[in-house]
Structure formats: C-alpha cells, structure tokens
Amino acid sequence: MIDLRLLRTQPERVRTAMARRGSAELLAQLDETLHLDERAREIVARRDAIRARVNDLSKQVGQLRKAGDANAAESLQAESRILGDEEKGLAAEYDDVQGAVRDLLLRIPNVPHDEAPDGTSDHDNPVVKGPFGLLDDYPAHQRVPHWETATALGVLDNERATKISGAMFTMQRGLGATLSRALCQYALDTNADAFEEIRPPSLVTTATLTATGQLPKFADDAYAIERDDLWCIPTAEVPLTSLYGGEVLDEAQLPIRMMAYTPCYRREAGSAGRDTRGMLRAHEFDKVEILAVTTPAQGAEMLIELRDRAERLISGLELPYRIIEICTGDMGQSHHRSFDLEVYAPGCDNWLEVSSVSWFSDYQARRADIRYRTAGEKGTQIANTLNGSALAVPRVWAAIMENHRQPDGSVSIPTALRPYMRGATSIPAAS
RNA sequence: GGAAGGAUGCCGGAGUGGACGAACGGGACAGUCUCGAAAACUGUUGAGGUCUUCUGGGCCUCCGUGGGUUCGAAUCCCACUCCUUCCGCCA
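Note that the coordinates shown come from a computational prediction; the quantities given were computed from them, not determined experimentally. (Residues numbered from 1 in each chain as written. Chains lettered and ligands numbered in written order. Predicted model: local features only at pLDDT ≥ 70, side-chain atom pairs only at ≥ 80, totals over all residues. Heavy atoms only, no water.)

## Quick look at the overall build of chain A
Along chain A, the regular secondary structure elements total twelve helices and 16 strands. Counting only C-alpha atoms and orienting by the principal axes, one finds that chain A spans roughly 100 × 45 × 45 Å. Taking all 431 residues of chain A together, the buried fraction comes to 51%. Element-wise, carbon and sulfur atoms account for 48% of the exposed surface of chain A, whose accessible area totals about 20100 Å². (Helix = DSSP H or I, 4+ residues; strand = E, 2+ residues; numbered from the N terminus. Buried < 20%, exposed > 50% of the residue type's maximum accessible area, 1.4 Å probe, protein only. Areas by Shrake-Rupley, 256 points an atom, 1.4 Å probe, with all protein chains shown as cover.)

What follows is the structure in structure tokens.
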C-alpha cells in the first residue's frame, strides 16, 4: 500500500509520480481515495465524539448506582441508549467508507522511484549493463531450440508431463532433472555467505498473499485451494516477505537477508498459448529467491547487492546476459524500482528473463505490517522489502541446453554446476 | 478426526460487569548515592487512529480474531483461529 498520509499531505507529488505509470484510471483512483478518506475522517470524528459522551455518561451511571440514586442513573442510561443508536449508525457508515478506502488502497500501485526510467511498455526498458558473452555469430548446432534437443537427449519429457497434469507442465528426467536440482543448490550455496536458508510453506493464507500484492487484484493468476482457503505460492517472495509480518523488529537486526528454494505455481491466465513449448513458461517451476528486509535508507544499496548476486550466478554459468531496468510503464504493481536479468538463448533466438530484482520501498511492508524500532526512539517505522530471483530454474536450464550444446549434440555442464551433478560433466549425445 | 485446558503489556502473571491501558514481580531505561561499579531507593517504560491554538494537549480504539448482550465488557454470550495435553490416524 502507498502511504495514505503522503497522499493526503502531498497529493500533487503522488499524482505526478503516479502519472509516470501512464494510467488515467489510476489518477482517478487517487482522487476517489482522497475524497473517501476525507469523508471517513469526518464520520469518525463525529463517532468518536459520541463515544466520548457515552463513556462519560457510563461513568456517571456507575457513580450514581453506587450512591444509590437509581432514578438519576436511569435517566442517564436512557440518554446514553439514544446516543448509542446514533453511534451505531455512524460506526456502520464509517466501516463502509473505511472499507472502500482500503479496497482502493490495495489496488493502487507503488510510487515509482525518481530514478526509474520513464516509458510506456517493455520496449522502453533500457539496457543498463551488458550484453556480456554474446557471440556475433552462432554456429548451427546452437541454433536448435532446447525443446527439440533436450527431448531428443531424453532429459525433457513434456509429452508425459502433459499426460499427467495437462498443458504447460514440464518434466525433466535423468541428468535433466539433476541439472534442475543442481541449479538450485548452486544458487543457494553461492549466497549462503550472507543469506539464511529458509524452507517455507508453499501454501499460504489469503492474508499472506495479500501482503505481497498478488491479492486482491491478481487473484486469477494464482492457484486457489478453496476448500481450505489456501493459495499456492507463485514465488518464495510471498512466504518470505510475510515471515516477519505483524512484528516489530529492532533496527539493529536490519538488514535481514533470507533465501529459499521453493516450487512456484502460476496459472498464467493471461498467457495461454504463449511460450507453450519447452521450458519457457510453465504452471509449476523451481526457483531460488533472495530477499531482504531493510530500513528505507538501506534499500538503494541492497537493490544493487541483490542485482550483483543474481548477476554473479548467471555469469558463473557462462551464459550470455544483459541487465535491463524496468521503466515506469512496465513496472509491477508493488515495485518501486526493478531490474531484470536476461539470458540469450540462441536456439529460441530470444532474450529470456531469468531474474527480476526489485525494491518495494515500504509498499509490501505496510501491507504485511513489518515495522522496526530504533533504539532510544519512540514509536515504530515501516520497513522496506526487496527481493530477487537468485535463479529461476527452467529458463536457465533452457539457456544451458542451447548455449552449451556441442557440435556432436551433447551438452556440456558448466563447471560451476559439476559439483552437484554426481560426476557428470556433460549430457551425452543420444546414441 | 475426538476430548480437555488455554490465549492479557518486553517477559512472567493477576484481574469474572463500573475510573482497567490494566495489580504485582522481572527486565530495560533515567536519576539519587558512589572515585567508579554493585546493592538500595525514586521515577519512566506498548501500539494505532484522529483533531489541534502542536518542542505540548484533547478525544477514540486495541487484553487471540470477528460478532453479540449492556448505560458501561479484559470480565457475560456466540462463532472462529492458534497453542498445550490425551486418544485416534499418519510420511
């Protein structure tokens, strides 16, 4: 959620910043929020005044009863009863208006960072680093898409995955399955110097999925287990961000760094029919996420740390990559500033998004109610959250299949992964 | 899945309808004492909202969550959640 108080006190500043996202509807929402908020405050002031009067009368009733003056008590009670009815009406009205404000607030996106580039779509995302390792010319044996080569090598079996679970599910076998797991372990081990490894639940409550911003607006993108009112996580960001939800941390604890491997579940409601082949898009995939809870002041530096860590993983796999920054028109709802890492896959002839690193300012933390206290100071402050995919397995897997394919059809395992491959140094060509 | 008990402030723990934002103890912080420290003594010590004539003050809310009863609820009633113990089942 954005800071309602900021919207109230500096509406023009918020409006200007939000305008950069390029949505006229959004500006109307801001106005409506402001308007409803004003009404809510007016109602609550009247409600509280009545409550104060009722509280006062009740105290007097107590004293009169003690003193044995039943008649006087009765008459005050009657007065209080009438006030009570009035209060009930105002309270209901307040709950309605306040609820409407909250509904709006939950759907209003984050304010973009000042330095985030302007733009209207993903075409306007500037390349800020790289490309690195990109060849001028790719030989023919690398120009074959991974779904063909990997299937032929027996390490990808999407046909049977579909038989078991339906469209857009994938299955890796043999060294292909081992490679998936190796990528996870590589990502976890590489970041273990500073990040605590967590194995969180993959099923979360509605409240948890609301905290990170997926609900209420993007309910169609998530798998729901309605009978138990649980949701499958689309990313480890969801449970990790809410890990300290509702808690007040000591500033000295910050920044908190965590990482987790989890499966990720996405309905891909808007992308049916897109990227249906191979490993580019699936309903279920593996990912290692790195995440930080910081003070607002630590945010900018942490964003770069997470980005550097994601970059280190990719460059360690000897893959051609570049880093782009997401422009205001292409930014996700919760994002304050974000970068994507893209890997070039010569077989698909495409840049694949393999990591997204984002700073959420206090947007998620306000929803999740993650606060911190500075020693010696009164009150609490809302934390900042950041996260990044350390490594999203399927697309990296695909990029390895295409970039590391040898002229004989085998696929060489990047050195960094070999410790996790039970001695295998390559996926041998089909005989 | 069945049964019983429980949920109160930073922690422990009282409180079963009237001045309770909450006794008492511990912790933490500040002061007194001291060369300094310990001990002792004194004081302070939750969060959120809103208004304001704003280095302050007023009012409202919060005792697991949500409803209800009442002039008045931590306290009574209902539902739910979570925890503990026992039984059953189980990777």
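## So, the pattern of salt bridges
For the coordinates displayed, the defined rule picks out 25 salt bridges. Taking the shortest distance from any N to any O, the salt bridge between Asp-31 and Arg-15 comes out at 2.2 Å. Here Asp-31, found in helix α3 (residues 24-67), pairs with Arg-15, found in helix α2 (residues 11-19); they are 16 residues apart in sequence, far enough to count as distant. Residue classification places Arg-15 among the partly exposed positions, given a relative accessible area of 23%. The closest approach of N and O atoms between Asp-362 and Arg-366, which form a salt bridge, is 2.8 Å. (Salt bridge = Lys/Arg side-chain N within 4 Å of Asp/Glu carboxyl O.)

## Details of the pairing of strand β9 (residues 321-325)
Side-chain direction in a regular strand flips from residue to residue, so the side chains alternate between the two faces of the sheet. Taken across its five residues, β9 has four buried, putting it largely inside the fold. Two elements, strand β1 (residues 127-132) and β9, share three bridges in a ladder whose sense is antiparallel. Bridging across to β9, Phe-132 finds its partner in Tyr-321. For β9 and strand β10 (residues 337-345), the ladder comprises five bridges, and the chain directions are antiparallel. In the sheet register, Ile-323 faces β10, and the bridge partner there is Leu-341. (Pairing = 2+ DSSP bridges.)

## Some thoughts on the sheet that holds strand β12 (residues 371-373)
If you trace the three strands from one edge of the open sheet to the other, you get β6-β12-β13, paired in mixed fashion. Bordering the open sheet on either side are β6 (248-250) and β13 (381-382), each of which pairs with just one other strand. The pairing of β12 with β13 spans two bridges and is antiparallel. The residue bridging Arg-371 from the neighbouring strand is Ile-382, located in β13.

## Considerations on the packing of helix α7 (residues 175-191) against helix α12 (residues 393-403)
Running from N to C, α7 and α12 cross one another at 120 degrees; their axes reach a closest spacing of 10 Å. Viewed along their axes, α7 and α12 adopt a mutual orientation that is oblique. As α7 runs across α12, the sense of the crossing is right-handed. Contact residues: Gly-176, Leu-179, Ser-180, Leu-183 and Cys-184 in α7; Val-393, Val-396, Trp-397, Ile-400 and Met-401 in α12. Of the residues belonging to the contact of α7 with α12, the class tally is eight nonpolar, two polar and no charged. (Axes fitted to C-alpha atoms, helices over the stretch in contact; angles between N-to-C directions. Parallel < 35°, antiparallel > 145°, perpendicular 65-115°, else oblique. Left-handed = near helix turned anticlockwise from the far one by under 90°. Contact = heavy atoms within 4.5 Å. Nonpolar A, V, L, I, M, F, W, Y, C, P; charged D, E, K, R; others polar.)

## Things to note about the sheet that holds strand β14 (residues 384-392)
Reading across the sheet, the eight strands line up as β1-β9-β10-β11-β14-β8-β7-β2 and stay open at both edges, with mixed pairing between neighbours. Edge positions in the open sheet fall to β1 and β2 (196-198), since each of these has one partner strand only. Each neighbouring strand pair of the sheet contributes to a mean axis angle of 25 degrees, computed without reference to strand direction. As defined by bridge partners, strand β7 (residues 256-265) adjoins strand β8 (residues 284-294) across ten bridges and the pair is classed as antiparallel. Paired with Met-258 across the bridge in β8 is Leu-291. Running over the sheet, α12 touches β8, β10, β11 (350-359) and β14 and is turned about 35 degrees from β14.

## Points about the packing of aromatic side chains
Counting across every chain of the model gives three aromatic pairs. With 5.0 Å between their ring centres and 40 degrees between their planes, Phe-132 and Tyr-321 make a pair best called tilted. With Phe-132 in strand β1 and Tyr-321 in strand β9, the pair connects residues that are 189 residues apart, well separated along the chain. Seen from their ring centres, Tyr-138 and Tyr-344 are 5.4 Å apart, and the 45 degrees between their planes marks the pair as tilted. Residue Tyr-138 is found in the loop between β1 and α5 (146-153), and its partner Tyr-344 is found in strand β10; the two are separated by 206 residues along the sequence. One aromatic cluster is present, formed by Tyr-138, Tyr-344 and Trp-351 through successive ring pairs. If you follow Arg-322 out to its NZ or CZ, it ends over the ring of Trp-351, 4.2 Å from the centre. (Phe/Tyr/Trp six-rings, centres within 6.5 Å; stacked < 30°, edge-to-face > 60°. Lys NZ or Arg CZ within 6 Å of the ring centre and 35° of its normal.)

## Comments concerning the protein's contact with RNA strand B
Taken together, 21 residues lie near RNA strand B, and Arg-8, Ser-58, Gln-63, Ser-80 and Thr-380 sit nearest. Restricting the count to atoms of RNA strand B within 4 Å of the protein gives a sugar and phosphate share of 70%. Note that a sugar or linking oxygen of RNA strand B is positioned 3.4 Å from one of the side-chain N or O atoms of Arg-51. Measuring from a sugar or linking oxygen of RNA strand B, one finds a backbone N or O atom of Gln-77 at 3.5 Å. Those elements that provide at least two residues to the surface near RNA strand B are α1 (4-9), α3, α4 (70-107) and β12. Its residues assigned to classes, the surface near RNA strand B comprises two nonpolar, eight polar and eleven charged. (Near = heavy atom within 4 Å. Polar contact = N/O pair within 3.5 Å; in protein donor to acceptor, adjacent residues only side chain to side chain.)

## Things to note about the packing of α3 against α4
The contact between α3 and α4 brings their axes to 7 Å, and the two run at 160 degrees. One element, α3, and the other, α4, form an angle in the roughly antiparallel class. Here α3 runs over α4; the crossing is left-handed.

Fair warning: the whole summary comes from geometry, so function is off the table for now.
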